[in-house]
Amino acid sequence: MFAAGDRARHNGVMKRLSPLLTFAPIAFTAVLARCDCDTVAAKPEGSACSNAQECDGALVCDLASGTCEEGTECSTHTECGTGAYCDDQGACADNEQGGPCDVDDNCVAPEECRDGTCFEQGSEGDGCSTTQECTAPLTCDPSTDTCTEDVGCTSNDDCGAASFCGPDGLCEPSTTATICDDDRQCVAGERCVGVVCIPEECQGQAFAAENVPANLMITIDRSSSMLQDIGSDGSKWDVARAAVDTVVTTYTGQIRFGLNVYPGTNPSCSEGVECGPGYIPIDVGVGNESAISDFLDGSGTCHLSTPTAENLQILVGHAALQDSARGNYVLLITDGQSSCGEPAPVVAQLFAQTPSVPTFVIGFGDGVDPDELEAMANAGGRPRAGGQPYYQADDAASLQAALADILGSVLSCDYVVEGAGDDPDALAIYFNGQPVPRDPSGQSGWDYFPQGERLRFAGNACVALQSGVVTDLTIVFGCPIDQPPEPDAGVPDDDAGPPADAGPPGGCSDRCNHNCGNEACLIDPGESTGTCGPCTDDADCCPGSLCLDDGICLPIGG
């Protein structure tokens, strides 16, 4: 689990990549007492040994045999013996003070491994220049340059190098991927990008939380049956036009709209043929909202059957829906059964394209063919969640609700990452410094599409972006990265009941004890228990969750 920092300090602040200071391993010189004893000779090859420094020249103490041997091949420091590390040529070599490490054994005594670098660990009161020189949980107090317990803070600036201000108002030792304001909070070998420390060799981008609007082609059936009244709301055609006008106005600038009507090939629907396609009066693009409303206000229906399959065929391979930098969708509104070809196979063609074009299906009124609509909705790859896969609208209100639900899911959670390459395993994503897990199924978290170098977020991760609570989106790439584990979302287990240390009803003992459901556990500084209530910032929530404006902690891994 990654430690939380002082989120309130950088809430709403956007950091761009810039040249930053980096920490170099610090070498220490041991002061030895003078004596008249003989110097111990370095051991030759084959001699028994306990660490690499006992061996002659370039020999190391082989981990398997316990004897001085030439450096063996390696891929990690852990594979080398005591006092040795894996060098850039992939061979075990003698380590030095302040050298690299995976575990304490890699270091030269009396140093220990702290986040990939060997440091001599100071006790309370010992001098220091970075918290990595102090024995945990001590931190390096910048006011005294000594290893100190319980250094108070109100911001990261109050803490020494390689430490940060924790949620309880005390400086804490930094670890890999610590939340940061600048390089000073990062451990040796890492730098601050956005609000998270990343390995120096990695590339990264810090983004403002702005999405890439998706393309949506609204396809409307305007066959003569659309002139029939639907309830007391007027004709289906009038209701559909009003509903589309409302949603394009509501989502102005958030979605790139286009309009496709069928049958007929002109606004009045006086031209066209039976079982022929309609046409695209307004192609997908920016700023089309008024044009779509004006067109629908001046257009009519016609008596040319319902050629849904033939019309959808003109969208297969359509250039405006082949944008690899964003999502591309079709939204079909129809009130009757197709009277010509079978539409489901054409919908499947759209979905199978690269990039894929999913189709949402709305059946309008009681004259629809449920089997046909179900087949299209399933083939389109975006069936309605739960039960019936297509949306059924029988009046103005239900049509408006269906459109709002669909457009809410179309709101883009896509980002283009230039230079990210083609390996999803070389990416790591953070919201406000919190790791977001990858989910290739597309149900939650994020996934990466090398074509177009596009990131897509889903589930609660998408909700968090759309809600505006993600003020810092940091994307790390360009080096092998251990994917962050799925965060402890803080979601209560209905069967487990409250933990034993939860305190009285409504009370809680820490941010992650699940006693508060989706609320926060609010504990005053210096207290061990608190009460459940609305969160005010991310620091109130369990790591892996973000605080929404309504005071609810949202688990971003869900």
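Here the structure is shown first, and the text comes after it.
In this report, the structure presented in the accompanying data block is examined. Everything quoted here is computed from the prediction, not taken from an experiment.

1. A look at the sheet that holds strand β24 (residues 454-457)
Now for step 1: Strand order in this open sheet of 3 strands is β20-β24-β23, and the pairing throughout is antiparallel. Of all strands in the sheet, those bounded by a partner on one side alone are β20 (414-416) and β23 (446-449). Shown here is a sheet whose adjacent strand axes are inclined to one another by a mean of 20°, direction ignored.
Now for step 2: Relative to β24, β20 is paired through 3 bridges, and the arrangement is antiparallel. Residue pairing in the sheet places Asp414 in a bridge with Arg456 of β24.

2. Some words on the sheet that holds strand β22 (residues 434-436)
Now for step 1: Here we have 4 strands laid out as an open sheet, ordered β13-β25-β21-β22, and antiparallel in their pairing. The sheet terminates laterally at β13 (203-207) and β22, the two strands that pair on one side only. The mean inter-strand angle of the sheet, taken between neighbouring strand axes irrespective of direction, is 25°.
Now for step 2: In this sheet, β22 lies alongside strand β21 (residues 427-431) in antiparallel orientation, the contact comprising 3 bridges. Directly across from Phe431, in β22, lies its bridge partner Gln434.

3. Regarding the packing of aromatic side chains
Now for step 1: Considering all chains together, one arrives at 4 aromatic pairs under this definition.
Now for step 2: Ring geometry for Tyr329 versus Phe360: centroids 5.9 Å apart, planes at 35°, classification tilted. Here Tyr329, found in strand β17 (residues 328-334), pairs with Phe360, found in strand β18 (residues 359-364); they are 31 residues apart in sequence, far enough to count as distant. The exposure classification of Tyr329 matches that of Phe360, with both residues buried.
Now for step 3: Seen in terms of ring centroids, Tyr415 and Phe457 are 5.7 Å apart; in terms of plane orientation they differ by 85°. Their pairing is edge-to-face. Remark: Phe457 occurs in strand β24 and Tyr415 occurs in strand β20; sequence separation between them is 42 residues. Across the pair, Phe457 and Tyr415 agree in class, each one buried.
Now for step 4: An aromatic cluster of at least three residues, connected via ring pairs, comprises Tyr415, Phe431 and Phe457.

4. Quick notes on the packing of helix α2 (residues 236-250) against helix α3 (residues 289-298)
Geometry of a packed helix pair, given as the angle between the helix axes and the separation of the axes.
Now for step 1: At a minimum axis separation of 9 Å, α2 and α3 run at an interaxial angle of 170°. Between α2 and α3, the angle is such that the two are roughly antiparallel. In this structure, α2 contributes Trp237, Arg241, Val244, Asp245 and Val248 to the contact, and α3 contributes Glu289, Ile292, Ser293, Leu296 and Asp297.
Now for step 2: Looking at the contact of α2 with α3 residue by residue, the classes come out as 5 nonpolar, 1 polar and 4 charged.

Rules and cut-offs
- Residues numbered from 1 in each chain as written.
- Predicted model: local features only at pLDDT ≥ 70, side-chain atom pairs only at ≥ 80, totals over all residues.
- Heavy atoms only, no water.
- Pairing = 2+ DSSP bridges.
- Helix = DSSP H or I, 4+ residues; strand = E, 2+ residues; numbered from the N terminus.
- Axes fitted to C-alpha atoms, helices over the stretch in contact; angles between N-to-C directions.
- Phe/Tyr/Trp six-rings, centres within 6.5 Å; stacked < 30°, edge-to-face > 60°.
- Buried < 20%, exposed > 50% of the residue type's maximum accessible area, 1.4 Å probe, protein only.
- Parallel < 35°, antiparallel > 145°, perpendicular 65-115°, else oblique.
- Contact = heavy atoms within 4.5 Å.
- Nonpolar A, V, L, I, M, F, W, Y, C, P; charged D, E, K, R; others polar.

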